Amino acid sequence: MMRRTVPAVVALGLLLTTIGCDTQARREIEAEEKATEQGPPPPRRIAESCEVEGRAPKIGIVPINLQALFFNQIITGAKTVAAQAGAHVQIVNGEDDSTKQANAVDNLVADRYDAIIVDAVDTEGIKPAIRRAKDAGIPVVAVDATVDDPAVSTQVGTANAEGGRQIADALLKISGGGGEIGVVGALNSTVQNERQKGFTDRATAGGMKIKNVVDGRNVQENAQTAAENLLTGAPDLPYAYATGEPALIGLAAAVVSQNRTEDLKVVGWDLSTQAMDGLRAGWIAGVVQQNTFSFGYESMNAAIDLACGRSAPRNVPVPTQIVTPANVRDYLYYLEK
């Protein structure tokens, strides 16, 4: 009699375990959906409305590209403020091309826009266009990429080199100060070169070595190809670092395709669906996340203030956060445009 009841008891136990796991999974999914639905924190302030020559202020925005979630979130933040302040917005895609960005700024000046927000591909190459805008009486707000020029009215951004050092510190704790690192960078991007230098200087000072640096050129497909080559050439590589969203997405795809999720730890910049998946699984150990929506809020507030003839701060710093497998749920709203 006892032998006949054992399978029933075992089956009941398995059933209860399955129900418990399903219940926990549903709770986690519901919590993640709720966190995502809450969205980003709202703007701390909205610039006061005004009229310029009897009409709403016209603000031009020139992002690096419209592919990356990062730049789309900046635009979303900027549009949020503009809609509430009654400003007109025009987006001109820079397409990862410094010449196209310069031409876009010149065209916005010719069309008599009242202020321009630009995220520069090349912080040196954009300077002549910004100076022409200033000479025409049109203020320019530089967002994300730091353009060190007196013609820039307001700079909104983060300390990219410092963010690189912070994520290097996180990796040093994981590695114990040893091991080789592969880097997927974007050598055409001033911002990402700053992140690369801050990271590599701190990581090598802590005892780690840079195995190789490959150039994804801030384009997801290029970054994946570069990352595939990096991992193929270093099958025992224990650590990798990506300097931006396309680089991290490309690296993540290469790690998964080469079945390296068990033996490779990755750190990088900017959240995406792929980065979230890696964080949840644990093989992405940390991501530097900039407050992209705040970039948009603050740059648009400054642009409207300047367009309306008011003053704006010379520098508006926006802090970063380090997202880890332990706190990733707190940042799910970054998956929304």
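For the structure, check the block above.
Residues numbered from 1 in each chain as written. Predicted model: local features only at pLDDT ≥ 70, side-chain atom pairs only at ≥ 80, totals over all residues. Heavy atoms only, no water.

Quick word on the sheet that holds strand E2 (residues 88-91)
And then number 1: Across the sheet, 6 strands lie side by side as E2-E1-E3-E4-E5-E11; this open sheet has parallel pairing. Of all strands in the sheet, those with a lone pairing partner are E2 and strand E11 (315-317), marking the two edges. Sheet twist, expressed as the mean angle between neighbouring strand axes with direction ignored, is 20°.
And then number 2: With 4 bridges joining them, strand E1 (residues 58-62) and strand E3 (residues 115-118) adopt parallel strand pairing. Counted as the bridge partner of Ile59 is Ala115 from E3. (Pairing = 2+ DSSP bridges. Helix = DSSP H or I, 4+ residues; strand = E, 2+ residues; numbered from the N terminus. Axes fitted to C-alpha atoms, helices over the stretch in contact; angles between N-to-C directions.)

With respect to the pattern of salt bridges
Pairing is possible between side chains that carry opposite charge, provided their charged atoms lie close to one another.
And then number 1: Across all of its chains, the model carries 17 salt bridges by this definition.
And then number 2: Note that Arg217 and Asp215 form a salt bridge whose closest N and O atoms lie 3.8 Å from each other.
And then number 3: The residue Asp263 makes a salt bridge to Arg260 at a minimum N-O spacing of 3.0 Å.
And then number 4: One salt-bridge network, in which partners are shared between bridges, spans Arg45, Asp305 and Arg310. (Salt bridge = Lys/Arg side-chain N within 4 Å of Asp/Glu carboxyl O.)

Description of the packing of aromatic side chains
Each aromatic ring pair is described using two quantities: the centre-to-centre distance and the angle formed by the ring planes.
And then number 1: Under the counting rule described, the total for this entry stands at 6 aromatic pairs.
And then number 2: Aromatic pair Phe199 and Tyr241: ring centres 3.7 Å apart, planes at 15°, arrangement stacked. One end of the pair, Phe199, is in helix H6 (residues 190-205); the other, Tyr241, is in strand E8 (residues 239-242), with 42 residues separating them in the sequence.
And then number 3: Given a relative accessible area of 0%, Tyr241 falls into the buried group.
And then number 4: Taken together, the ring pairs in this structure connect Phe293, Tyr331, Tyr333 and Tyr334 into an aromatic cluster.
And then number 5: Looking at Lys58, its charged tip hangs above the ring of Tyr113, at a distance of 4.7 Å from the centre.
And then number 6: In this arrangement the basic side chain of Arg195 is found over the ring face of Trp269, its NZ or CZ atom lying 4.1 Å from the centre. (Phe/Tyr/Trp six-rings, centres within 6.5 Å; stacked < 30°, edge-to-face > 60°. Buried < 20%, exposed > 50% of the residue type's maximum accessible area, 1.4 Å probe, protein only. Lys NZ or Arg CZ within 6 Å of the ring centre and 35° of its normal.)

Topic: the pairing of strand E7 (residues 209-215)
And then number 1: Where strand E6 (residues 180-185) meets E7, 6 bridges bridge the pair, whose relative direction is parallel. Paired with Val183 across the strands is Val213, a residue of E7.

Here we look at the state of the cysteines
And then number 1: If you walk through the whole model with that rule in mind, you get 1 disulfide.
And then number 2: The partner cysteine of Cys50 in its disulfide is Cys308, sulfur to sulfur 1.8 Å. Across the disulfide from Cys50 to Cys308, rotation about the S-S bond amounts to roughly -80°, and the bridge is consequently left-handed. With Cys50 in the loop between helix H1 (2-38) and E1 and Cys308 in the loop between helix H10 (292-307) and E11, the pair connects residues that are 258 residues apart, well separated along the chain. (Disulfide = S-S within 2.5 Å.)

Quick word on the pairing of strand E9 (residues 265-269)
And then number 1: Burial of E9 is extensive: 4 of the 5 residues sit out of reach of the surface.
And then number 2: Across 4 bridges, E8 lies against E9 in parallel orientation. The residue of E9 that forms the bridge with Ala242 is Gly268.
And then number 3: The handedness of the E8 to E9 crossover, carried by helix H8 (residues 245-257), is right-handed. (Right-handed = clockwise from strand over helix to strand, strands pointing away.)

Some words on empty space enclosed by the protein
And then number 1: Applying the stated criterion across every chain yields a total of 3 cavities of 30 Å³ or more.
And then number 2: Taken as a whole, the largest cavity holds about 100 Å³ of empty space.
And then number 3: If you trace the largest cavity, you find 14 residues lining it, with Phe71, Gln192, Arg195, Asn218 and Asp270 closest to the centre.
And then number 4: Where the lining of the largest cavity is concerned, the elements lending two or more residues are helix H2 (69-85), H6 and H8.
And then number 5: For the lining of the largest cavity, the leading source of residues is H6, giving 3 residues.
And then number 6: Of the residues belonging to the lining of the largest cavity, the class tally is 6 nonpolar, 4 polar and 4 charged. (1 Å grid on protein atoms, 1.4 Å probe; cavity = no way out; pocket = protein on both sides within 12 Å on 5 of 7 lines; lining within 4 Å. Points joined across faces, edges and corners; volume = space filled by probe spheres on them. Nonpolar A, V, L, I, M, F, W, Y, C, P; charged D, E, K, R; others polar.)

Here we look at the packing of H2 against H10
Two quantities define a packed helix pair, namely the angle between the axes and the distance from one axis to the other.
And then number 1: Direction vectors running N to C along H2 and H10 enclose 45°, while the axes themselves pass 7 Å from each other. The orientation of H2 with respect to H10, classified from their angle, is oblique. Remark: the crossing between H2 and H10 carries right-handed chirality. For the pair formed by H2 and H10, the contact residues are Phe70, Gln73, Ile74, Thr76, Gly77, Ala78, Thr80, Val81, Ala82 and Ala85 on the first element and Thr292, Phe293, Phe295, Gly296, Tyr297, Met300, Asn301 and Ile304 on the second.
And then number 2: The residue makeup of the contact of H2 with H10, split by class, is 11 nonpolar, 7 polar and no charged. (Parallel < 35°, antiparallel > 145°, perpendicular 65-115°, else oblique. Left-handed = near helix turned anticlockwise from the far one by under 90°. Contact = heavy atoms within 4.5 Å.)

Fair warning: the whole summary comes from geometry, so function is off the table for now.
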